[in-house]
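Examining the three-dimensional arrangement
This is what each chain is made of:
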Amino acid sequence: MAASDFLSYFSMKNMPFTTSIGTDFLYKNPLQNDVKQKLGLTVDSNSFALLTGRPGIGKSTALRLFTSSLNPDNYLIFYVSISNPTPRWLYTVPLEAMGVKPHIYVNDARRQFHQEIMIQKKTYNRKVIMIIDEAHLLTQSYHKYNQLEEIRFLLNGEDKYDSGSPLSLILAGQSEICDILNNEKCTAITQRIQYVCNLQPLKNEQIGPYITAHLRWAGVTEQLFSSESVTLLAELSEGIPRMLNKICLHSLNYAALKNARMVTPDIIELAAGNEVIEFMLKNGKLGTSD
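Attention in this report is confined to the structure presented alongside it. Note that the coordinates shown come from a computational prediction; the quantities given were computed from them, not determined experimentally. (Residues numbered from 1 in each chain as written. Predicted model: local features only at pLDDT ≥ 70, side-chain atom pairs only at ≥ 80, totals over all residues. Heavy atoms only, no water.)

1. Quick word on the sheet that holds strand S1 (residues 48-53)
Pairing within the open sheet is parallel, and its five strands lie in the order S2-S3-S4-S1-S5. The sheet is open, and its two edges are formed by strand S2 (75-81) and strand S5 (193-198), each paired on a single side. On average, adjacent strands in this sheet sit at an angle of 15° to one another, irrespective of strand direction. In this sheet, strand S4 (residues 168-174) lies alongside S1 in parallel orientation, the contact comprising six bridges. If you follow Leu 50 over to S4, its bridge partner there is Leu 171. Sitting on the sheet, helix H2 (residues 30-44) touches S1, S2, strand S3 (127-133), S4 and S5, and the angle it makes with S5 is about 160°. (Pairing = 2+ DSSP bridges. Helix = DSSP H or I, 4+ residues; strand = E, 2+ residues; numbered from the N terminus. Axes fitted to C-alpha atoms, helices over the stretch in contact; angles between N-to-C directions. Contact = heavy atoms within 4.5 Å.)

This is how it looks when you write it as structure tokens:
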């Protein structure tokens, strides 16, 4: 069934259980509100925050929820991924975003970046926020400690005697990043982390409201998942939003194919067993070829 048929069958205006859900419709659990508050304090004080969690836990969603609440006239936000882990990359992305050609040497690019930050602050009265995502990939980098040291230089800026940070910094990644930060070589940077945000899986009682929020985004007012289905979804997904989204989406599709108006546990088990790779592997439905 095509996506358009799937939406039409359930009279949906938007596709639910995707990362593109409007921030006003996101399910906001107390932990997300706590993260948003800590990130707000980070920005207010030009300090350094660490955001961690398991894969699929909702780190990107938490960041999107937070940044969407900021007035773009007052804040300049840069997003850098560690997928290309070189110290110069930290400056290349924001400088190019500001229309500035980065210098070749990292020391020159760093000085150039700090100068541009001061222009944003003094000329436009804007605070600069840098989000460094996928930080756990540093575990795979031979130069991981050099990269972390460069992050420390970001915080120092051009002020003498380490007197203040020129920007707000959010380092986000899977929990493995903590293994690196726990190394003695990283003491100088860990001491600068002011706020720690560790996202946790949804609790069983939060699964139902989470599903309702996505259906509301889709324009559906009636409940499409039985209470027994919600219980099973909590068990299968282990409270991980990405996994929950996948199972829900395939279950809705299977329900439409069966001309069912309610998703029942048997539909969920069928959809998960046939469409969600984690369960297909577990059930031996994906074989290997020689």
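Moving on from the coordinates now.
2. Notes on the layout of surface pockets
A volume near 670 Å³ is recorded for the largest pocket. As for the largest pocket, its lining consists of 36 residues, of which Ile 57, Gly 58, Lys 59, Thr 61 and Pro 241 are closest to the centre. Put simply, the parts of the chain that give the lining of the largest pocket at least two residues each are H2, helix H3 (59-67), S4, helix H9 (204-218) and helix H11 (241-257). Of all the elements, H3 adds the most residues to the lining of the largest pocket, at five residues. Of the residues that constitute the lining of the largest pocket, the class distribution is 14 nonpolar, 15 polar and seven charged. Its volume calculated, the second largest pocket comes out at about 170 Å³. (1 Å grid on protein atoms, 1.4 Å probe; cavity = no way out; pocket = protein on both sides within 12 Å on 5 of 7 lines; lining within 4 Å. Points joined across faces, edges and corners; volume = space filled by probe spheres on them. Nonpolar A, V, L, I, M, F, W, Y, C, P; charged D, E, K, R; others polar.)

3. Some details on the side chain of Ser 237
Relative to the helices and strands, Ser 237 is located in helix H10 (residues 227-237). Overall, the relative accessible area of 2% leaves Ser 237 in the buried class. Those residues in contact with Ser 237, other than ones at most four positions away along the chain, are Ile 207, Met 243, Leu 244 and Ile 247. (Buried < 20%, exposed > 50% of the residue type's maximum accessible area, 1.4 Å probe, protein only.)

4. Re the packing of aromatic side chains
Enumeration over the complete set of coordinates arrives at seven aromatic pairs. An angle of 65° between the planes, with centres 6.4 Å apart, marks the rings of Phe 78 and Phe 113 as edge-to-face. Taken together, the residues Phe 78 in strand S2 and Phe 113 in helix H5 (residues 106-124) connect sequence positions 35 residues apart. Here Phe 78 matches Phe 113 in class, with each residue buried. Three or more aromatic residues link up through ring pairs in this structure, and these residues are Phe 6, Tyr 9 and Phe 10. Sitting above the plane of the Tyr 9 ring, Arg 261 keeps its charged end 4.6 Å from the centroid. (Phe/Tyr/Trp six-rings, centres within 6.5 Å; stacked < 30°, edge-to-face > 60°. Lys NZ or Arg CZ within 6 Å of the ring centre and 35° of its normal.)

5. Quick look at the pattern of salt bridges
Inspection of the entire model under this criterion finds six salt bridges. The partner of Glu 149 in a salt bridge is Arg 152, with the nearest N and O atoms 2.4 Å apart. Taken together, the residues span about one helical turn, with Glu 149 and Arg 152 both in helix H6 (residues 144-156) at a distance of three residues. Residue Glu 149 is classed as partly exposed on the basis of its relative accessible area of 29%. (Salt bridge = Lys/Arg side-chain N within 4 Å of Asp/Glu carboxyl O.)

6. Things to note about unusual backbone geometry
Positive phi, close to 60°, is recorded for Glu 134, a residue that is not glycine. Topologically, Glu 134 is positioned in the loop between S3 and H6. With relative accessibility at 28%, the residue Glu 134 sits in the partly exposed group. A positive phi angle, near 55°, is found at Asn 259, a position not held by glycine.

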